[in-house]
Amino acid sequence: MSLQGIAQWNNGITEVTTQKGFTGGIYGGADLATTCVTNLFAINLLEGNYIDSKLKQEVINNLSKFNRGGYTLNYGIYGVWHCDTIKQRVFNFFFAICHKSYINTVFSRDMFNLAFNGNAMFAGKTANLTPFNFNLLTYNQAEIGMLCTNFSGKAELGIGVSFLAGQRLLGISARNATLYTDPTGQYLQFNSNAEMYESDTSTSHHSINAYGASLDLYFKAPYKIAGRNGSVTLSVTDLGFMFWNNKSFYYHKDTSYYYDGVNINNISDLQNVGFNTISKDSIQNKYLPFAEKSFFYNIPSTLSINTNTEFGKYHLEFGYNYIFNAADVGYLYVQGDKYVANGWMTGLQLGFGGYETINAAFVLSKQTKNSTIRIALDHLQGLILPSVFGGAGLYLEYSHSFSK
């Protein structure tokens, strides 16, 4: 499957075996992708280096009406009891404990130019700052579930139920946002209709500020086409929500703000300067009227569909992924795997969509009698051409089986 769903329904959980036993595993993955920001630009920005016009132009060349970016962090442990039977049905029972973090955004061409080139280029014009969405979410997850390995013949059917403990949330959505700059620079006119959700800011990032639940579903069925064996898989992961406590913040405002600078009547006497009469609280109450309240918030959930056809030592996979509630678009991919001697497997994935435009990934795994090691590198195009593409991703997994 694609790297986005590699950990949730991994091979250890879905493996069909005739021997009873237990498999334990540990995994971790981080992924950063964007449709426009190049790796060279991101590295210089993170290191605090000077961003010259060449670096900016490389990003501007990639900008479109809808620009996306996303970051995910997912690590944890799992355990699976294989080949337990209930009324002649064979089951794998599993548990998993993990941590997940998401950051994703959608922004306009004008938003990037305003942030990195200033508003002088918009003199006499209106900068359109929408679409704009930003989401940051971190939480812990504890899951239990089971998978029937002989449902209706050789098909597989699985379900997992999770308890969620939310740590941090920041969600911003602007339905409308524009900035007009006077041709002579005398005033600015800002209009916005925005909504924001934020978790309790008085606690640390590791505190529990929300509780929730989610559901995972999995179905796999075999097929044969032109004499070749294969399977089709459908899964839905993290279908759920969290309830954030009453110390959380909610903001919604449809407003217009006019700014024409600060008036100074006498440079030697600043007591009558306009900003002396403006307090932080008065500005916040007028333009940022936060309300403390509890609320429900949906977590990112993933739909995955793929087919895998065997060609001897080669496997060919076609798939589709979509992450709901995460500023994502559908990701289509094709992946070829080659199984070689001594338990080695290599794979190359090519895809389009998601948080990037085009994507290339490399997968390598080694399987021994009782252990499996897997490594995957994502967004190879950003590593090969860092001045054109952005993104980087790494996934690692180790599992060990204890057969009876």
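Please refer to the structure higher up on the page.
What this report covers is the structure whose coordinates are included nearby. Note that the coordinates shown come from a computational prediction; the quantities given were computed from them, not determined experimentally.

1. Digging into helix H4 (residues 109–117)
Those residues of H4 that fall on the buried side of the exposure criterion are Asp 110, Phe 112 and Asn 113. With its buried residues spanning 160 degrees around the axis, H4 presents them on a single face. On the buried face of H4, the contacting elements are helix H2 (39–46), helix H3 (53–60), strand S3 (89–107) and strand S4 (126–128). Positive phi appears at Gly 118, one or two residues downstream of H4, with a value of about 80 degrees.

2. Some points on the nonpolar core
Counting residues in hydrophobic clusters, the biggest one holds 14 residues, and the most contacted among them are Trp 9, Ile 13, Tyr 27, Tyr 78, Val 80 and Phe 94. When contributions to this core are tallied by element, the ones reaching two or more residues are strand S2 (67–86) and S3. Here this core gets three residues from one element, more than from any other, and that element is S3. Setting aside its immediate chain neighbours within four residues, Ile 13 contacts Gln 8, Val 80, Asn 92, Phe 94 and Leu 147.

3. Describing the pairing of strand S19 (residues 392–403)
Look at any regular strand and the pattern is simple: side chains alternate between the two faces of the sheet. Bridge count between strand S1 (residues 21–34) and S19: 12 bridges; the pairing is antiparallel. Each residue of the ladder has a partner; that of Gly 28, found in S19, is Leu 396. Bridge analysis of strand S18 (residues 371–378) against S19 gives eight bridges, and the strand direction is antiparallel. Counted as the bridge partner of Ile 373 is Tyr 398 from S19.

Calculation notes
Residues numbered from 1 in each chain as written. Predicted model: local features only at pLDDT ≥ 70, side-chain atom pairs only at ≥ 80, totals over all residues. Heavy atoms only, no water. Buried < 20%, exposed > 50% of the residue type's maximum accessible area, 1.4 Å probe, protein only. Helix = DSSP H or I, 4+ residues; strand = E, 2+ residues; numbered from the N terminus. Arc of directions from axis to C-beta. Contact = heavy atoms within 4.5 Å. Core = buried A, V, L, I, M, F, W, Y, C linked by side-chain atoms within 4.5 Å. Pairing = 2+ DSSP bridges.

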